[in-house]
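# Chains, contacts and geometry: an overview
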Amino acid sequence: MKLLYVFDAYCGWSHAFSGTLEAVTARHPDVPVQVVSGGLFTGERRVPIREFGFIKDANVQVTARTGARFGDAFNAVLDDGSFVMDSEAAARGLIALREAAPERAAELAVAMQKAFFHDGRSLSDPDTYRGIAEDFGLDADAVVAAFGSAVPDEDFAFAARLGVTGFPTLIAVRGSEMYAVARGHASAEEVEQRLAPLA
């Protein structure tokens, strides 16, 4: 069995799922996790964050339902309103980190979300990935170079072929069969219950 995690690094609900993902992967260290970017903020949706007026209220709901926190630096970005979330750039960052340490893809995805939702760092900035790479003991120069040349279209197309329309989605793959074990928020215990029959 392996797990497919389809998320968007700029998605608040994906951020909220980070704790669940960490718990599930810790309980199943031998189960490989493939992380795929879904592409939430692309094309005409790449606009200043103030255009998404619902985000602040949505984050209150996210915290109420999941306990996930949003840092002061992120809230300052939200209050300023001029920042543009670009899922294509974030996907390039994931690819660069994933290439450097594919077996740590889930941890690296969580680190990306912490960089934005806690520290207010842009996921379009190569220095964000340099910092994550250094924190994980990876070759930071190689990660930054890969960020510059990565092409996220395959990730987006793969997510579309999977039929994923909402983020996050966690899929268990066993042989040629796939089972969605989480869509949106789910606790680690709920995911475990859904994984148990597949083990």
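Residues numbered from 1 in each chain as written. Predicted model: local features only at pLDDT ≥ 70, side-chain atom pairs only at ≥ 80, totals over all residues. Heavy atoms only, no water.

### What to know about the pattern of salt bridges
Note the following rule: Each salt bridge in this description consists of a side-chain nitrogen of Lys or Arg and a carboxyl oxygen of Asp or Glu lying within 4 Å of one another. Exposure categories follow from relative accessible area, calculated using a 1.4 Å probe and restricted to protein chains: below 20% of the type maximum is buried, above 50% is exposed, and the middle band is partly exposed. Runs of H or I in DSSP of at least four residues are treated as helices and runs of E of at least two as strands, each being numbered from the N terminus.
Tallied over the entire structure, the rule returns eight salt bridges. R104 is paired through a salt bridge with E107; the nearest N and O atoms lie 3.3 Å apart. Since its relative accessible area comes to 40%, E107 is described here as partly exposed. Between D141 and R130 there is a salt bridge; the shortest N-O distance is 2.8 Å. Placement of the pair is D141 in helix α7 (residues 140-149) and R130 in helix α6 (residues 126-135), with a sequence separation of eleven residues.

### Some thoughts on the packing of aromatic side chains
Keep this limit in mind: Any Phe, Tyr or Trp ring, taking Trp's six-membered ring, that has another such ring centre within 6.5 Å forms a pair; planes under 30 degrees apart are called stacked, those over 60 apart edge-to-face, and the others tilted. Criterion for a charge above a ring: Arg CZ or Lys NZ at most 6 Å from the ring centre, at most 35 degrees from the ring normal.
Scanning the model with the defined rule gives 13 aromatic pairs in all. Here the aromatic rings of F52 and F54 are separated by 6.0 Å at their centres, their planes lie at 85°, and the arrangement is edge-to-face. Given a relative accessible area of 48%, F54 falls into the partly exposed group. Seen in terms of ring centroids, F70 and F117 are 5.6 Å apart; in terms of plane orientation they differ by 75°. Their pairing is edge-to-face. Taken as a pair, F70 in the loop between α2 (55-66) and α3 (72-80) and F117 in helix α5 (residues 105-117) lie far apart in primary sequence, 47 residues in all. Like F117, F70 is buried. Grouped by ring-pair contacts, the aromatic residues Y10, F70, F74, F83, F116 and F117 constitute a single cluster. Taking the ring centre of F147 as reference, the NZ or CZ of R92 above it sits at 4.4 Å.

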